[in-house]
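So the chains spell out like this:
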2 protein chains.
Amino acid sequence: MKILLIGATGTLGTAVHKTLAARGHDVVTVGRTGGDLRYDITDPAQIAELYERAGRLDAVVGTAGDVPWKPVTELTPDDYLAGFRGKVLSQTELVRQGIPYVAERGSFTLITGVLAREPVPTGAAAALANGALEAFVRAAAIEIAPRRVNAVSPTVFTEALADYGDFFPGMPPVDLATVAQAYVRSVEGAQTGQVYEL
Amino acid sequence: MKILLIGATGTLGTAVHKTLAARGHDVVTVGRTGGDLRYDITDPAQIAELYERAGRLDAVVGTAGDVPWKPVTELTPDDYLAGFRGKVLSQTELVRQGIPYVAERGSFTLITGVLAREPVPTGAAAALANGALEAFVRAAAIEIAPRRVNAVSPTVFTEALADYGDFFPGMPPVDLATVAQAYVRSVEGAQTGQVYEL
């Protein structure tokens, strides 16, 4: 399959790239600062250019999103909007604009995260973005069929425990290799409207 | 209890008002076009004025939110932003700005909706807003304790079937009186971080 992978240089993007390439797929990587194609998907106009350039696709895979981390008492509307643009609208636009380019039974796989269901302090903007996206996936799935859309919703990565473990005390981490398998499941499988919780 | 009720003139707001008043509470109603106080909570500056005017409170109750209804293929970032401002940010700001005014064990009760878990066509922006709010409630609850925050997440109202029933074929409706009881449960009970699904 020809797969467009967003977030080429990130920790998750790198792992997903490796796993999909090892399964024989043609992976076109996209990033702001690295990858085969350089685009910022928080800008809808750049998403349009990206799809025009990439051409026909079998799958689109999101692995990146930026949200602010602050206490609830300090999270202003502008902070929530920053998270909404940085993680939610970037991925809803990937779906909307991507529909004409993706094969009839092709798929979109978005990245959300554990905070939608298991919050931690200072994670409210991330929780909100993840909750929004998971509801979007369920809603979009019933409209875009036979094209498919799923979300991968991982907890903290085992490989990131040194940096982020303190935010997730006692929560079981997940290996990047396991998260990458959820992308395989979404891309090569036939399910839609699913949130793969890891 | 002194309760600030947002959405004074709406179908739900009217029912919740009646139920809370019948239980002996002092309900101060707020609306854009009706109610004891006239404010538009989609404007953060008006929320600040509203709280200044209302003074000390035991509970804040949201019953209103506006989101656009369109097919996923037509929902642009501006549409999602309109729904985000009209239902999500209005209520996250009610919580953030309300904390200094609400009693130590007082509560915020927000309105979400069934589309977060049971989507219908053209409801993606509403689904996304509801999913965002439900994740926010879980996240904010652990930070604002002992103050509390819950969501009421109803399906279509029995009383609104004539107008909206066609959007929810075969889905069991819920009576407004039952929905109003969920507000009582949130306001008079001791739970927090809950989404009451009706």
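Below or above, wherever it landed, is the structure these notes cover. (Residues numbered from 1 in each chain as written. Chains lettered and ligands numbered in written order. Predicted model: local features only at pLDDT ≥ 70, side-chain atom pairs only at ≥ 80, totals over all residues. Heavy atoms only, no water.)

Considerations on the side chain of Ser186(A)
All names here are of chain A.
Here is step 1 of the chain: Position of Ser186 relative to the elements: it lies in helix α6 (residues 176-188).
Here is step 2 of the chain: The exposure class of Ser186 is buried, given its relative accessible area of 0%.
Here is step 3 of the chain: The contact partners of Ser186, leaving out residues within four places of it in the chain, are Ser107, Phe108, Thr109, Arg148, Asn150 and Tyr196. (Helix = DSSP H or I, 4+ residues; strand = E, 2+ residues; numbered from the N terminus. Buried < 20%, exposed > 50% of the residue type's maximum accessible area, 1.4 Å probe, protein only. Contact = heavy atoms within 4.5 Å.)

Topic: the relation of the copies chain B and chain A
Here is step 1 of the chain: Note on the identical chains: chain B maps onto chain A by a rotation of 180 degrees and an axial translation of 0.0 Å, with an RMSD of 0.0 Å. What we have between these two chains is a two-fold relation. (Least-squares fit on C-alpha atoms with pLDDT ≥ 70 in both.)

A short note on the sheet that holds strand β5 (residues 102-111) of chain A
Residue and element names in this part refer to chain A.
Here is step 1 of the chain: Pairing within the open sheet is parallel, and its seven strands lie in the order β3-β2-β1-β4-β5-β6-β7. Two strands lie at the open edges of the sheet, namely β3 (37-38) and β7 (195-197), each paired on one side alone.
Here is step 2 of the chain: Where strand β2 (residues 26-31) meets β3, two bridges bridge the pair, whose relative direction is parallel. Bridge assignment links Val30 to a residue of β3, and that residue is Leu37.
Here is step 3 of the chain: Across the sheet, helix α2 (residues 44-54) lies against β1 (2-6), β2, β3, β4 (57-62) and β5, angled at about 155 degrees from β1, the strand it touches most.
Here is step 4 of the chain: The strands touched by helix α4 (residues 124-144) within the sheet are β5, β6 (148-153) and β7, with β6 carrying the most contacts at an inclination of about 165 degrees. (Pairing = 2+ DSSP bridges. Axes fitted to C-alpha atoms, helices over the stretch in contact; angles between N-to-C directions.)

Observations concerning unusual backbone geometry
Residue and element names in this part refer to chain A.
Here is step 1 of the chain: The omega torsion of the bond from Ala145 to Pro146 falls at 10 degrees, within 30 degrees of zero and hence cis.
Here is step 2 of the chain: Within the element layout of this structure, Pro146 appears in the loop between α4 and β6.
Here is step 3 of the chain: Phi at Thr122 is positive, roughly 70 degrees, even though this residue is not glycine.

Some remarks on the packing of aromatic side chains
Here is step 1 of the chain: A full pass over the atoms with the stated rule returns seven aromatic pairs over all chains.
Here is step 2 of the chain: Seen in terms of ring centroids, Phe84(A) and Phe84(B) are 3.8 Å apart; in terms of plane orientation they differ by 15 degrees. Their pairing is stacked. Linking Phe84(A) in helix α3 (residues 77-98) with Phe84(B) in helix α3 (residues 77-98), this pair reaches from one chain into another. (Phe/Tyr/Trp six-rings, centres within 6.5 Å; stacked < 30°, edge-to-face > 60°.)

Some words on the pattern of salt bridges
Residue and element names in this part refer to chain A.
Here is step 1 of the chain: If you walk through the whole model with that rule in mind, you get 10 salt bridges over all chains.
Here is step 2 of the chain: Between Arg23 and Glu188 there is a salt bridge, with the nearest N and O atoms lying 2.7 Å from each other. Residue Arg23 is found in the loop between α1 (11-22) and β2, and its partner Glu188 is found in helix α6; the two are separated by 165 residues along the sequence.
Here is step 3 of the chain: Given the relative accessible area of 45%, Arg23 is considered partly exposed.
Here is step 4 of the chain: Looking at Glu188, the relative accessible area reads 34%, which means it is partly exposed.
Here is step 5 of the chain: Asp66 serves as the salt-bridge partner of Arg32, at 2.9 Å between the closest nitrogen and oxygen. Of the two residues, Arg32 is situated in the loop between β2 and β3 and Asp66 in the loop between β4 and α3; the sequence distance between them amounts to 34 residues.
Here is step 6 of the chain: Under the relative-accessibility criterion, Arg32 is labelled exposed at 53%. (Salt bridge = Lys/Arg side-chain N within 4 Å of Asp/Glu carboxyl O.)

Describing the side chain of Asn130(A)
Here is step 1 of the chain: Tracing the backbone through its elements, the reader meets Asn130(A) in helix α4.
Here is step 2 of the chain: From its side chain, Asn130(A) meets the backbone oxygen of Gly113(A) in a polar contact 3.3 Å long. (Polar contact = N/O pair within 3.5 Å; in protein donor to acceptor, adjacent residues only side chain to side chain.)

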